Amino acid sequence: MGFSISWLATPSDKKEIVLSALGLAETNQRQSFTETARAGIALPTGWYVVWFDTPSPSALKPEFLRMLSASTKIVACQIEEHAMVSTAACWENGKEQWFIAHDAEDGVMSLDVMGNPPVFFDEVRAEMLQLQDGRTDVDYVFDVPIMLAERLVGFRHDAAFDENEEEMFFVLSQRSAA
């Protein structure tokens, strides 16, 4: 088994704008780990994460991110562990600021970089490339996009959450028509 998911994050004060644009609303139902199609979580880092149980939801298509990021900063992450594909991107002011992708089919050292990634990108890439050097039994470079998104937002899809933080994910549902 492996993760086949995605998530996007926005500053917590923009949560309602993002949820409204996605046609979603928080329910009263909470979970300790998301087991639903969509869930939301407010992080102590000041970010709000929307979790999708698919690696390619329409919410992460460039045309939607362009529209959504016109009013807020968006960090997006896609994880497909079955194929060892991962991406991370940052959008702001309706423009993609940077995009990082790893696809193991292109080789374990493969890393596509567009735009101006965060200042710590070189450090993260160097660390993972050093771990990868000469190894074919594991794919460390897969973690580069995920680690960038995590360092910006403070969220990682496979991280162990504080056991004191029970039921920290809100189940998200389609908004009802008014």
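A few points on the structure. Given the structure is predicted, the values throughout are model-derived calculations rather than measurements. (Residues numbered from 1 in each chain as written. Predicted model: local features only at pLDDT ≥ 70, side-chain atom pairs only at ≥ 80, totals over all residues. Heavy atoms only, no water.)

1. Observations regarding the sheet that holds strand β6 (residues 85-92)
For step 1, the next point in the chain: Read from one edge to the other, the open sheet built from nine strands follows the order β2-β9-β3-β4-β1-β5-β6-β7-β8, with strand pairing classed as antiparallel. Edge positions in the open sheet fall to β2 (24-31) and β8 (112-115), since each of these has one partner strand only. Averaged over all neighbouring strand pairs, the angle between strand axes comes to 20°, with direction disregarded.
For step 2, the next point in the chain: Judged from the two bridges that link them, strand β3 (residues 38-42) and strand β9 (residues 169-174) form a sheet pairing that is antiparallel. Bridged to Ala 39 within β9 is Val 171.
For step 3, the next point in the chain: Contacting β1 (4-11), β2, β4 (47-52), β5 (74-80) and β9, helix α1 (residues 15-22) runs over the sheet at an angle of about 20° to β4. (Pairing = 2+ DSSP bridges. Helix = DSSP H or I, 4+ residues; strand = E, 2+ residues; numbered from the N terminus. Axes fitted to C-alpha atoms, helices over the stretch in contact; angles between N-to-C directions. Contact = heavy atoms within 4.5 Å.)

2. A short note on the environment of Phe 170
For step 1, the next point in the chain: With respect to the helices, strands and loops of the structure, Phe 170 is situated in strand β9.
For step 2, the next point in the chain: Phe 170 has contacts with Glu 26, Thr 27, Gln 29, Arg 30, Arg 38, Ala 39 and Gly 40, leaving out every residue within four places of it along the chain.

3. Regarding α1
For step 1, the next point in the chain: For α1, every residue scored as buried is listed here: Val 18, Leu 19 and Leu 22. Down the axis, α1 shows its buried residues gathered within 95° of arc, on one side only.
For step 2, the next point in the chain: Contact partners of the buried residues in α1: β1, β2, β4, α2 (62-68), β5 and β9.
For step 3, the next point in the chain: Downstream of α1 by a residue or two, Gly 23 has a phi angle that is positive, lying close to 70°. (Buried < 20%, exposed > 50% of the residue type's maximum accessible area, 1.4 Å probe, protein only. Arc of directions from axis to C-beta.)

4. Re the pattern of salt bridges
In a structure, side chains of opposite charge can pair up when their charged atoms sit close to one another.
For step 1, the next point in the chain: The full count for this structure, using the stated rule, is eight salt bridges.
For step 2, the next point in the chain: A salt bridge links Arg 175 to Glu 16; the nearest nitrogen and oxygen atoms lie 3.2 Å apart. Pair noted here: Arg 175 is in the segment after β9 and Glu 16 is in helix α1, with a separation of 159 residues, a long-range link.
For step 3, the next point in the chain: Linked through salt bridges whose partners overlap, the residues forming this network are Asp 143, Glu 150, Arg 156 and Asp 158. (Salt bridge = Lys/Arg side-chain N within 4 Å of Asp/Glu carboxyl O.)

5. Quick look at the environment of Trp 7
For step 1, the next point in the chain: Position of Trp 7 relative to the elements: it lies in strand β1.
For step 2, the next point in the chain: On the basis of relative accessible area, Trp 7 is assigned to the buried category, the value being 1%.
For step 3, the next point in the chain: In sequence terms Trp 7 and Ser 32 are 25 residues apart; their C-alpha atoms lie 17 Å from each other.
For step 4, the next point in the chain: Excluding anything up to four places from it in sequence, Trp 7 contacts Val 49, Val 50, Trp 51, Phe 52, Leu 60, Val 75, Ala 76, Cys 77, Ile 79, Ala 149, Val 153 and Phe 155.

6. Comments concerning the nonpolar core
For step 1, the next point in the chain: In terms of nonpolar packing, the biggest core is built from 32 residues, with Trp 7, Val 49, Val 144, Leu 148, Val 153 and Phe 155 touching the most fellow members.
For step 2, the next point in the chain: For this core, the secondary-structure elements that each account for two or more residues are β1, β3, β4, β5, β6, β7 (95-103), α3 (121-132) and α4 (143-153).
For step 3, the next point in the chain: Considering each element in turn, this core owes the most residues, six residues, to α4. (Core = buried A, V, L, I, M, F, W, Y, C linked by side-chain atoms within 4.5 Å.)

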